[in-house]
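# Examination of the molecular architecture
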Amino acid sequence: MKRKRLFIIGNGFDLANGINTSYRSFYSYLKQNDYETFNLTCALFWDQYDETDSLWSDFEANLSAFNSTSFDIDVDIQTLDIEHVAVADAKIARVIDAWKKNLYVMFKSWIRDIFQGIVTVEPLANNTDIFLNFNYTATLELLYGIPSQNILHIHNSIENDTLILGHGVEFNRQKILEFYGLIENGKIKSSIEDYLYAYTHYYIGSLLRKDVQSIIKNKMGFFDDYSEVEEIVILGHSLGAVDLPYFKWIADRYTDCQWKVGYYKENEIENFKNSLKMIGVNNCKFEETKKLIVNYFNKLWTKDELYLDDCTDHIERNLKKENENSDSEIQEILRNLSLEHETNNNEIIKLSEKPVHDEEYYLKTISSYRRQLIIGEIIRKYLAAALGGLGVYYQSAGNDEKALEQYTAALQEYIIYGLESLEDSLNEFTVVLHNIAIIYNKHDEITVKELQIFDTISSADLLPLIPQSINDYGGGCFLLGLAFFKRMDYKRAIIFLTIAKNAYEQIGNKPIRIALCNLNKAKCLINLKEYTKAEEILLKTISILQNLTGTRTEGLLKESYLCLYTVYREQNNMEQAKLYFTKCQNII
């Protein structure tokens, strides 16, 4: 069987199509969603680390560069002799194995999160090209309709149980011991503790190594059916040393064909030439990766085209447009707060008389309120509003971390005072809630303390109490729902999305926002495998959207059909699944 073209696909292919699959992106995702695994990764690979460390720019290759001296060898050094280092090995292996499993789980979750809401195309019929794919993603299948039987995922994909991730350095125990100066004339000459740290270096290095030769032996049989290839096209691969044996195998098999290599920057070409010469390839042409993709696939996806309208990126962008003046509006609200109270000196303090950029005034006012709490609990709601004003000051200055600290403190004071007792201060409360939700959608973690605060807020029945600010309250709860969804805390996400939906229903004339709440709630239920509930909500959402018009509505409707397709597929109702997949594809 003759196949004319072989495409070799690397991560640059996804990046060229607007999909952020860089390891720097994974760094942020891991830090945000599994801080324990993130910290252990840092401990294993950095002595002193920061966010700009080069480890995360080429994470896989740098898995060999761990810091063995920072690894806690949990054995009794005093009672362990050289002949029994296997005890240490077993404990190290358990820690590393658990870390790898957690890392791979988060790696899969990160990729699935990136691809949530992505468009899909119909599979191409009679496609005769073959693909060696180094990515773990399904970009070829989803965006370009390449049949899965034409693709070899050499390191598996997120659909497989085990991803193949690792470095390519050969770790030799003897050389490691010699490197540390712990062996002389074949005999160990140092303490058991030193020996164990050196052995750890060797042992972890071996555990994290990608066995390329075994992979070639077990997987390259894929090419047995494809004896002839006239052209080899490399799209988005760096031709790094760890993967070069695969290219050598390909070059040896297909000796008489034209090679084309895509580059991102022209200064990469020389390195590509050197790598190809090492495997005996001299007949090669170079062209920009994006141009090659367009030439061969007649399409290059842009980020704006890539996702359906209600995917997280687009929701956030649309919300930003809807609330593009939210900062100034919040500042105006807090600037005009009529927060008056009588101190024991009958001094009237009005926050509305001070501009929002006056940090010193807020700090003095907050200090004053804290001292005066003994006068009565009513001071607490004024303290909360002042903390909110200081939060706005920090946020307008671009310091979200400090702003979040003040907003959280404000919410805590509102809760202590009693949400149901706030009456005239509920508007200020909703503004703070809305603003803190915006920050949560931009940044990493929610602490246990903050979770407790939000659980308290979610359990309070505030809708009847805040008729003047239901829109802010609904918007804040919707954004909190998104924030929890991104962190895979689906149960909390459902709670806040439900509150937001109820708020928008109370306002009236908010069908798009109600549909957004329902759709994201359905996604949560799908992730929780509660398919019947998800189906019920999606059918209601479709009923709402079918009465509306506009591009955004079509995007939401398409996403609803796609979610229903997923629900019916998981329920093994293939007839309904096919129906809604067809409906999805019929929306242009």
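Report on the accompanying structure. Because the structure is predicted, anything quoted here is derived from the model rather than measured.

### Describing the overall build of the protein chain
- In terms of helices and strands, the protein chain carries 25 helices and eight strands.
- A buried classification covers 52% of the 588 residues belonging to the protein chain.
- For the protein chain, restricting intrachain contacts to residue pairs at least 6 apart in sequence, the fraction spanning at least 24 positions comes to 69%.
- Within the structure as shown, the protein chain displays about 28,000 Å² of accessible surface, and the carbon and sulfur contribution to it stands at 46%.

### With respect to the packing of aromatic side chains
- Enumeration over the complete set of coordinates arrives at 27 aromatic pairs.
- Both rings, one in Phe 7 and one in Phe 131, keep their centres 5.1 Å apart while their planes meet at 15 degrees; by these two values the pair is stacked. Of this pair, Phe 7 sits in strand β1 (residues 5-9) while Phe 131 sits in strand β2 (residues 130-133), placing them 124 residues apart in sequence. Both residues of the pair, Phe 7 and Phe 131, belong to the buried class.
- Pairing Phe 223 with Trp 249 gives two aromatic rings, centres 5.8 Å apart and planes at 45 degrees, and the pair type is tilted.

### Some points on the nonpolar core
- If you look at the biggest cluster of nonpolar residues, it comprises 88 residues, and the most contacted ones within it are Leu 411, Tyr 414, Phe 429, Leu 433, Phe 454 and Tyr 473.
- Element by element, the count of residues in this core is highest for helix α16 (residues 378-396), at 11 residues.
- With sequence-adjacent residues up to four places away left out, Leu 433 is seen in contact with Leu 411, Phe 454, Ile 457, Tyr 473, Gly 476, Cys 477 and Leu 480.
- Counting 46 residues, the second largest nonpolar core, distinct from the first, contains Tyr 23, Leu 143, Leu 208 and Leu 292.

### Brief notes about the pattern of salt bridges
- Tallied over the full model, the rule gives 12 salt bridges.
- Residue Lys 501 pairs with Glu 505 through a salt bridge whose shortest N-O separation is 3.3 Å. Here Glu 505 and Lys 501 lie together in helix α21 (residues 490-507), a separation of four residues that amounts to about one turn.
- Overall, Lys 501 belongs to the buried group, its relative accessible area being 15%.
- Of the residues examined, Glu 505 reaches a relative accessible area of 44% and is grouped as partly exposed.
- Residues Glu 559 and Lys 523 are paired through a salt bridge, measuring 3.3 Å at the closest nitrogen-oxygen approach. Of this pair, Glu 559 sits in helix α24 (residues 551-570) while Lys 523 is found in helix α22 (residues 511-527), placing the two residues 36 residues apart along the sequence. This pair shows no difference in class: Glu 559 is buried, exactly as Lys 523 is.
- Among the ionic contacts, a cluster of salt bridges with common partners joins Asp 455, Asp 489 and Arg 492.

### Notes on helix α18 (residues 426-440)
- A rise of 1.5 Å per residue sets the reference length of α18, with its 15 residues, at 21 Å; its end C-alpha atoms lie 21 Å apart and thus fit the reference within 8%.
- Most of α18 is tucked away: 14 of the 15 residues are buried.

### Digging into unusual backbone geometry
- Positioned with a positive phi, Leu 239 is a non-glycine residue whose angle comes to about 55 degrees.
- One non-glycine residue, Met 488, adopts positive backbone phi at about 60 degrees.
- Looking at the element boundaries, Met 488 is found in the loop between α20 (470-486) and α21.

### Section: the pairing of strand β8 (residues 284-288)
- Pairing of strand β7 (residues 258-263) with β8 involves five bridges; the strand directions are parallel. Following the sheet pairing, Lys 260 is matched in β8 by Lys 285.
- The handedness of the β7 to β8 crossover, carried by helix α10 (residues 269-278), is right-handed.

### Considering the pairing of β2
- On β2, burial covers both faces: Ile 130 and Leu 132 on one face and Phe 131 and Asn 133 on the other are all buried.
- Two strands pair when backbone bridges link them, and β1 and β2 are joined in this way by four bridges, in the parallel orientation. Bridge pairing in β2 places Phe 7 opposite Phe 131.
- As paired strands, β2 and strand β3 (residues 151-153) are joined by three bridges and run parallel to one another. Bridge pairing links Asn 133 to His 153 in β3.

### Concerning the packing of helix α17 (residues 400-417) against α18
- Between α17 and α18, the least distance of the axes is 10 Å, while the angle of their chain directions is 140 degrees. With respect to α18, the axis of α17 lies oblique. Between α17 and α18 lies a crossing whose hand is left-handed. On α18, the residues that touch Asp 400, Ala 403, Leu 404, Tyr 407, Thr 408, Ala 410, Leu 411 and Tyr 414 of α17 are Glu 428, Phe 429, Val 432, Leu 433, Asn 435, Ile 436, Ile 439 and Tyr 440.
- Partitioning the contact of α17 with α18 into residue classes produces 12 nonpolar, two polar and two charged.

### Observations concerning the packing of helix α19 (residues 448-459) against α21
- At a minimum axis distance of 11 Å, the contact between α19 and α21 shows a crossing angle of 40 degrees. Considering the angle they form, α19 stands oblique to α21. Note that α19 runs across α21; the crossing there is left-handed. Here Leu 451, Phe 454, Asp 455 and Ser 458 of α19 lie close against α21, whose contacting residues are Arg 492, Ile 495, Phe 496 and Ile 499.
- Class assignment of the residues belonging to the contact of α19 with α21 gives a composition of five nonpolar, one polar and two charged.

### Some remarks on the side chain of Thr 430
- Relative to the helices and strands, Thr 430 is located in helix α18.
- Look past the residues within four positions of Thr 430 in its chain and what remains in contact with it is Ile 466, Ser 469, Asp 472 and Tyr 473.

### Thoughts on the environment of Glu 159
- Secondary-structure assignment places Glu 159 in the loop between β3 and α6 (173-179).
- The exposure class assigned to Glu 159 is exposed, which follows from its relative accessible area of 65%.
- Spatially, the C-alpha atom of Glu 159 lies 8.8 Å from that of Lys 108, the residues being 51 residues apart in sequence.

### Some thoughts on the layout of surface pockets
- What the largest pocket holds in volume is close to 1,400 Å³.
- Taken together, 39 residues make up the lining of the largest pocket; nearest its centre are Arg 112, Phe 115, Glu 159, Thr 566 and Arg 569.
- No other element matches α24, which puts seven residues into the lining of the largest pocket.
- Each residue belonging to the lining of the largest pocket can be placed in one class, and the counts come to 20 nonpolar, nine polar and 10 charged.

### Observations concerning the sheet that holds β2
- The six strands lie next to each other as β3-β2-β1-β6-β7-β8, forming an open sheet whose pairing is parallel. In this open sheet, the two edge strands, each paired with only one partner strand, are β3 and β8. Taken over all neighbouring pairs, the strand axes of this sheet differ in orientation by 20 degrees on average, direction set aside.
- Taken together, the four bridges between strand β6 (residues 231-235) and β7 define a ladder with parallel strand orientation. Bridge pairing in β7 links Val 233 to Lys 260.
- The sheet contacts of helix α9 (residues 244-253) involve β1, β2, β6 and β7, and relative to β7 the element is tilted by about 155 degrees.
- Its contacts with the sheet put helix α11 (residues 289-297) on β1, β2, β6, β7 and β8, and the angle it makes with β8 is roughly 100 degrees.

Definitions and limits used
- Residues numbered from 1 in each chain as written.
- Predicted model: local features only at pLDDT ≥ 70, side-chain atom pairs only at ≥ 80, totals over all residues.
- Heavy atoms only, no water.
- Helix = DSSP H or I, 4+ residues; strand = E, 2+ residues; numbered from the N terminus.
- Buried < 20%, exposed > 50% of the residue type's maximum accessible area, 1.4 Å probe, protein only.
- Contact = heavy atoms within 4.5 Å.
- Areas by Shrake-Rupley, 256 points an atom, 1.4 Å probe, with all protein chains shown as cover.
- Phe/Tyr/Trp six-rings, centres within 6.5 Å; stacked < 30°, edge-to-face > 60°.
- Core = buried A, V, L, I, M, F, W, Y, C linked by side-chain atoms within 4.5 Å.
- Salt bridge = Lys/Arg side-chain N within 4 Å of Asp/Glu carboxyl O.
- Expected span 1.5 Å × (residues − 1).
- Pairing = 2+ DSSP bridges.
- Right-handed = clockwise from strand over helix to strand, strands pointing away.
- Axes fitted to C-alpha atoms, helices over the stretch in contact; angles between N-to-C directions.
- Parallel < 35°, antiparallel > 145°, perpendicular 65-115°, else oblique.
- Left-handed = near helix turned anticlockwise from the far one by under 90°.
- Nonpolar A, V, L, I, M, F, W, Y, C, P; charged D, E, K, R; others polar.
- 1 Å grid on protein atoms, 1.4 Å probe; cavity = no way out; pocket = protein on both sides within 12 Å on 5 of 7 lines; lining within 4 Å.
- Points joined across faces, edges and corners; volume = space filled by probe spheres on them.

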